[in-house]
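Examination of the molecular architecture
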Amino acid sequence: MEPGDTARPGSRRVVGALPPRLLPLPLMLLLLGWGLRAGAAASSSGASAEDSSAMEELATEKEAEESHRQDSVSLLTFILLLTLTILTIWLFKHRRVRFLHETGLAMIYGLIVGVILRYGTPATSGHDKSLSCSQEDRAFSTLLVNVSGKFFEYTLKGEISPGKINNVEQNDMLRKVTFDPEVFFNILLPPIIFHAGYSLKKRHFFRNLGSILAYAFLGTAVSCFIIGNLMYGVVKLMKIVGQLSDKFYYTDCLFFGAIISATDPVTVLAIFNELHADVDLYALLFGESVLNDAVAIVLSSSIVAYQPAGLNTHTFDAAAFFKSVGIFLGIFSGSFTMGAVTGVVTALVTKFTKLHCFPLLETALFFLMSWSTFLLAEACGFTGVVAVLFCGITQAHYTYNNLSVESRSRTKQLFEVLHFLAENFIFSYMGLALFTFQKHVFSPIFIIGAFVAIFLGRAAHIYPLSFFLNLGRRHKIGWNFQHMMMFSGLRGAMAFALAIRDTASYARQMMFTTTLLIVFFTVWIVGGGTTPMLSWLNIRVGVDPDQDPPPNNDSFQVLQGDGPDPTGGSRTKQESAWIFRLWYSFDHNYLKPILTHSGPPLTTTLPAWCGLLARCLTSPQVYDNQEPLREDDSDFILTEGDLTLTYGDSTVTANGSSGSHTASMSLEGSRRIKSSSEEVLDRDLGMGDQKVSSRGTPLVFPLQENA
């Protein structure tokens, strides 16, 4: 197996009695020794053979012990990095230092340790020279070597480019601290993504849901294609000036656009949370970053799956394009369904068992069911990031209500700690990888072009979408918010994990190196400038997260009415608010009682002929005590100011005047008596006495007075 060959997963080769020259490096010297010992054993006595075998076993044990020691040292290195990061974070918080976030600190410490490991540790050579193996035209992922009747298994480490054949890393410690990319996806990413969904601020998230979805889906797609096309031009320029030494296709550029479009403004959001910045701005940034990670990973998978028919697999083909779009929709919807179903199953298990009597078992089951969602989705060919995100949202909405008080506290704290450790571990590894990763491809033209492309892609993502969204928003996304969102497009753990997952080709190695530098710059420079930018843009800080934004002159201008709008108000998002109100009514009356111990009894909401089923599915706790559980539901709904003020043929207008807001409307028909479930819904939505009905439909509008 020659360095430079490519491996085909699952391939296996059995080598029987091969000459040492035909075996892959670094087995040369070791197999030569085995061969000499085998020849000596054939001509010596049985006692000599036993002594030789004993010495081989002793050498193997020493090698295994040394490998175990190096593994322990490598893990200890990362633990010490995290410990040092935590202590420095405490010092920064104590001194109120905000110019550098904890993730930036972790990267700095990782860089320092990487320099020490790279240049300060002695080399332990296992390679002397390269040998050719001309019998095979490809590499094998597993190699079985027959040495005197004993079989030894060796696995493929990866491809080595011909230009670096004499610079193969000889330090075993550096190889130990280089993790398998699957470690990031299967171990470190799940708690980060799940925590994002489990700790979601539902009230502000759903109030800005339409804008968040637009930024996350449409904005990420726009950013991907703009960056991809700009980078394709950069690649063409590199080819003209002779800076491109290998193949770099258009699909590779689109793939880079997809992975680098995954934003992770963890630094900005941490500062927002500490300073209590405007809640709507926080919700927009947080919601976009959570969902666009999921969109970016599915989009990158769809681009990889793009395979046109014919000999040239890198040309545009309409059929392959629409197939990729179908794959995107299929993977995303399948992952969403799998995550939601897992959350529903966990809710049913916690509801119809008495696990709440054993909080430890309840917490352990919750943890395993949540983590298994990621692995189940990956095993089924879907995307675990999407699945575990929506599993977290579902668990917070349903399962959380079934947990005991101890388990609620434990699950929140458990995933918060795991999220903190995993995120800082990834950022520490980023700093380490700059010196320990052996396949870096630094291209100044590509790096500078990437910085320009992500800036233009972010601008095309934020400003045009904000303009169109403001046409339907009651609370406008102001220019200061738009500038802050433009500024906050940091790249982080998701972009790094997507880039490091595949570094086999020249193009992917260049993408990884560039992504690493972009993450460094955005976390250190952009993240450090967050506090001055908040001040310069006059964005509110010190805001109560449960407080709604203050009303402005056009806060309650709903429709033009019969005359012109004197204050230039815009229409509210009538369809979105009404659809969400219908969904909440359905969820409150049916899903919550089925999956949790909260909500109205199903015997009052289901038809009479479903009485037996209703009694089986309704838990006794619903009849005993509903009030405490209903309080938690207020975080999942829109406020009354976000609900539509028109429905059917009715028109509601509100005009601001000197000291108060007045409202006028025409009332037709008579009031209809509400059912108990409708009254509960109205109380949850905080309507109070500010409601009237027109043609039997409840209409709500806020009555506020200016100070």
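Scroll up a little and you will see the structure.
Residues numbered from 1 in each chain as written. Predicted model: local features only at pLDDT ≥ 70, side-chain atom pairs only at ≥ 80, totals over all residues. Heavy atoms only, no water.

1. Things to note about a nonpolar patch on the surface
Rules: Each patch is built from salt-bridge-free residues with over 30% relative accessible area, joining like charges within 9 Å and nonpolar side chains (Val, Leu, Ile, Met, Phe, Trp, Tyr) within 5 Å. Computed by Shrake-Rupley with a 1.4 Å probe, the accessible areas treat only the displayed protein chains as cover when residues are assessed. For salt bridges, the criterion is a side-chain nitrogen of Lys or Arg within 4 Å of an Asp or Glu carboxyl oxygen. Counting from the N terminus, the helices are DSSP H or I runs at least four residues long and the strands are E runs at least two residues long. Think of it in three bands: with a 1.4 Å probe and only protein chains considered, a residue is buried below 20% of the maximum accessible area for its type, exposed above 50%, and partly exposed in between.
Together, F225, F321, F322, V325 and L329 give the surface a local cluster of nonpolar side chains, amounting to about 470 Å² of exposed area. When residues in the nonpolar patch are grouped by element, the largest group, 4 residues, is from helix α11 (residues 318-352). With respect to the helices, strands and loops of the structure, V325 is situated in helix α11. Judged by its relative accessible area of 35%, V325 falls in the partly exposed class.

2. Thoughts on the environment of L284
Stated precisely, the cut-off is as follows: Here a residue-residue contact requires only that any non-hydrogen atoms of the pair lie within 4.5 Å.
By the element assignment, L284 lies in helix α10 (residues 279-304). Exposure remark for L284: the relative accessible area of 1% places this residue in the buried category. L284 sits 193 residues away from I477 along the chain, and the two C-alpha atoms are 9.7 Å apart. Beyond its immediate chain neighbours, meaning those up to four positions away, L284 contacts N208, S211, I212, Y215, I477 and M485.

3. Looking at the pattern of salt bridges
By the definition in use, this model includes 7 salt bridges. Between R207 and D280 there is a salt bridge; the shortest N-O distance is 3.1 Å. One end of the pair, R207, is in helix α6 (residues 202-207); the other, D280, is in helix α10, and 73 residues separate them in sequence. Here the two residues R207 and D280 agree in accessibility, since each one is buried. For R501, the salt bridge is made with E378, and the minimal N-O distance between the two is 3.7 Å. Here the residue R501 occupies a position in the loop between α17 (493-500) and α18 (506-528), and E378 occupies one in helix α12 (residues 359-379), the gap between them amounting to 123 residues. A single network of salt bridges, built from pairs that share partners, joins E182, E378 and R501.

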